[in-house]
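Below, each chain spelled out in residue letters.
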Amino acid sequence: MRLRIQDALSREAAATTPALFETFVRDVTPFHFADPLDPRIGTYLDETSGTIFRPDAHIHSAGMAQIAVEDRLGEIGAPLLVIAGRHDRSSTVAAARAIVKGAPNGEYALFDQSGHLPFVEEPELFRATLVGFLDRHP
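Nothing here was measured: the structure is a model prediction, and the numbers come from that model.

Caption draft 1: Up close: the pairing of strand β1 (residues 80–85). As defined by bridge partners, β1 adjoins strand β2 (residues 106–111) across six bridges and the pair is classed as parallel. Residue pairing across strands places Ile-83 opposite Ala-109, the latter belonging to β2.

Pasting the structure below:
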């Protein structure tokens, strides 16, 4: 599994067509789950099979590292819900906490059993968290 995901990640920059980008996304999906062998991965991929992929809208990981907005978080006037999966390999818990700390109306929700996709890995808790946030901020 590790080699398969490493191979997928190595193809990210070359995924410049919708078909190549779809293949990249499907191959790297296990990386985004807390358990890369989670049986829900297949279901998730089946349910999202109609997705229209736009590689030109994707920000490659290297480019994302160059985006620095920490000094502007205080400008966010609306309530902000920052969701973090404890086992997320691409968006860290520390980064989520830093966002909440910098945003004046930030709220933090940690999903202990999730990676990058808590809406798939912990769907009931995700829905309850989102509904609770929206109820507090109509």
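So much for the structure itself; the text now carries on.
Caption draft 2: Expanded view of the environment of Glu-70. Summarising the element assignment, Glu-70 is placed in the loop between α4 (61–64) and β1. Judged by relative accessible area, which is 58%, Glu-70 ranks as exposed. Separated by 13 residues in sequence, Glu-70 and Ile-83 place their C-alpha atoms 17 Å apart.

Caption draft 3: Representation of the packing of aromatic side chains within the structure. Tallied over the entire structure, the rule returns six aromatic pairs. Ring geometry for Phe-21 and Phe-53: centres 6.0 Å apart, planes at 65 degrees, overall edge-to-face. You can see Phe-21 sitting in helix α2 (residues 18–28) and its partner Phe-53 sitting in the loop between α3 (40–47) and α4, a full 32 residues away along the chain. Of the two residues, Phe-21 and Phe-53, neither departs from the other in class, the shared state being buried.

Caption draft 4: Fine view of the pattern of salt bridges. For the structure on display, the rule yields seven salt bridges. Among the ionic pairs, Arg-11 bridges to Asp-27, the shortest N-O distance being 2.8 Å. Of this pair, Arg-11 sits in the loop between α1 (2–10) and α2 while Asp-27 sits in helix α2, and the two are 16 residues apart along the sequence. Notably, a salt bridge pairs Arg-40 with Asp-38, separated by 2.6 Å at the nearest N-O pair.

What counts, and at which threshold
As a convention, each chain's residues are numbered from 1 in the sequence order in which they are written. Reporting in this predicted model follows two pLDDT cut-offs: at least 70 for local features of residues, and 80 or more for side-chain atom pairs to be given and counted; totals over whole chains, interfaces and linings ignore these cut-offs and use all residues. Where side-chain values are given, they derive from all heavy atoms of the structure, hydrogens and water being excluded. In this analysis, strands are considered paired if DSSP registers two or more bridges between them. A helix here means a DSSP run of H or I that spans at least four residues, while a strand means a run of E at least two residues long, and both kinds are numbered starting from the N terminus. Throughout, exposure labels follow a simple rule: accessible area from a 1.4 Å probe, protein chains only, divided by the maximum for the residue type, with under 20% read as buried, over 50% as exposed, and the rest as partly exposed. Centre distance within 6.5 Å is the pairing criterion for rings of Phe, Tyr and Trp, where only the six-membered ring of Trp is used; planes under 30 degrees apart are then read as stacked, over 60 as edge-to-face, and the remainder as tilted. By salt bridge we mean one thing: a side-chain nitrogen of Lys or Arg within 4 Å of a carboxyl oxygen of Asp or Glu.

Without other data, these values stay purely geometric and don't point to any function.
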